[in-house]
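Reading the structure
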Amino acid sequence: MSALLDAWTVLAVAAGVFFFLAGTVGLLRFPDALTRLHALTKADNLGLGLIVFGLLPQVADVWMALKLVAIWLLVLLAGAVVSQRVARVARAQER
């Protein structure tokens, strides 16, 4: 069973890293601020979620698992707020 959990961890973390890299490519390649922001936030949220879900079977107790999930939720909340602020500034500069 441990080998199966280890395989899940490697697969999920690798998929998360792939999405982080895809978001970085979108950040570097897309033409304007709004499309860059969209690519970056979507890919990073999914990438971090996959990494957290991959690490959950490896934690020692429920408290550590709750900390991982809390960190992920805080990053989701912060990412949503910051992306809205950046999008408003970018939209205001276009006008």
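Coordinates for the structure precede this section.
The present account deals with the structure reproduced in this document. Going along each chain's sequence as written, the residues are numbered from 1 onward. Note on the predicted model: pLDDT of at least 70 is required for a residue's local features to be given, and 80 or more for side-chain atom pairs to be given and counted; whole-chain, interface and lining totals, by contrast, use all residues. Each side-chain value is worked out from all heavy atoms of the structure, with water and hydrogens disregarded.

1. A closer look at the overall build of the protein chain
Test applied: Runs of H or I in DSSP of at least four residues are treated as helices and runs of E of at least two as strands, each being numbered from the N terminus. For the exposure calls, accessible area comes from a 1.4 Å probe over protein chains only, and a residue counts as buried if that area is under 20% of its type's maximum, exposed if over 50%, partly exposed in between. Here a residue-residue contact requires only that any non-hydrogen atoms of the pair lie within 4.5 Å. The protein chains shown are the only cover counted for residues, whose accessible areas, like all others here, come from Shrake-Rupley with a 1.4 Å probe. For the purpose of counting charges, residues Lys and Arg are taken to be positive, whereas Asp and Glu are taken to be negative. His and the chain ends are not included. In this description, the location of a charge corresponds to atom NZ of lysine, CZ of arginine, CG of aspartate or CD of glutamate.
A tally of helices and strands in the protein chain yields three helices and zero strands. Across the protein chain, helices and strands are ordered from the amino to the carboxyl terminus as α-α-α. Along the first, second and third principal axes, the C-alpha atoms of the protein chain reach 55 × 25 × 10 Å. The 95 residues of the protein chain split such that 20% are buried. For the protein chain, the share of sequence-separated contacts (at least 6 apart) that also reach a separation of at least 24 residues comes to 66%. Here the protein chain displays about 6700 Å² of accessible surface, and carbon together with sulfur accounts for 74% of that area. Across the protein chain, the centroid of the 8 positively charged side chains sits 13 Å from that of the 5 negatively charged ones.

2. Considerations on the environment of Asp32
Quick reminder of the rule: As used in this structure description, the phrase polar contact means that two N or O atoms lie within 3.5 Å; if the pair is within protein, one of them must be able to donate a hydrogen and the other to accept it, and residues adjacent in sequence are counted only when both atoms belong to side chains.
As for its position among the elements, Asp32 is in the loop between helix H1 (2-29) and helix H2 (33-55). Along the chain, Asp32 and Leu74 lie 42 residues apart, while their C-alpha atoms are 27 Å from each other. A polar contact is formed between the side chain of Asp32 and the side chain of Thr35, at a distance of 2.5 Å.

3. A word on H1
Our working rule: Expected helix span is computed as 1.5 Å times (number of residues minus one).
The first and last C-alpha atoms of H1 sit 40 Å apart over 28 residues, in line with the 40 Å expected at 1.5 Å per residue. Those residues of H1 that sit buried are Thr9, Ala12, Gly16, Gly23 and Gly26.

4. Thoughts on the packing of H1 against H2
The cut-off we apply is this: For helices, the fitted line uses only the C-alpha atoms of the stretch in contact; every axis is such a line through C-alpha atoms, and the angle between N-to-C directions lies from 0 to 180 degrees. Any angle that is under 35 degrees is reported as roughly parallel, and any over 145 degrees as roughly antiparallel; angles of 65 to 115 degrees are reported as roughly perpendicular and all others as oblique. Under the scheme applied, nonpolar residues are Ala, Val, Leu, Ile, Met, Phe, Trp, Tyr, Cys and Pro; charged residues are Asp, Glu, Lys and Arg; polar residues are all the others, including Gly.
Two numbers describe how H1 lies on H2: the axes approach to 7 Å, and their chain directions differ by 170 degrees. Relative to H2, the element H1 is oriented roughly antiparallel. For the contact of H1 with H2, the class distribution of residues is 17 nonpolar, seven polar and two charged.

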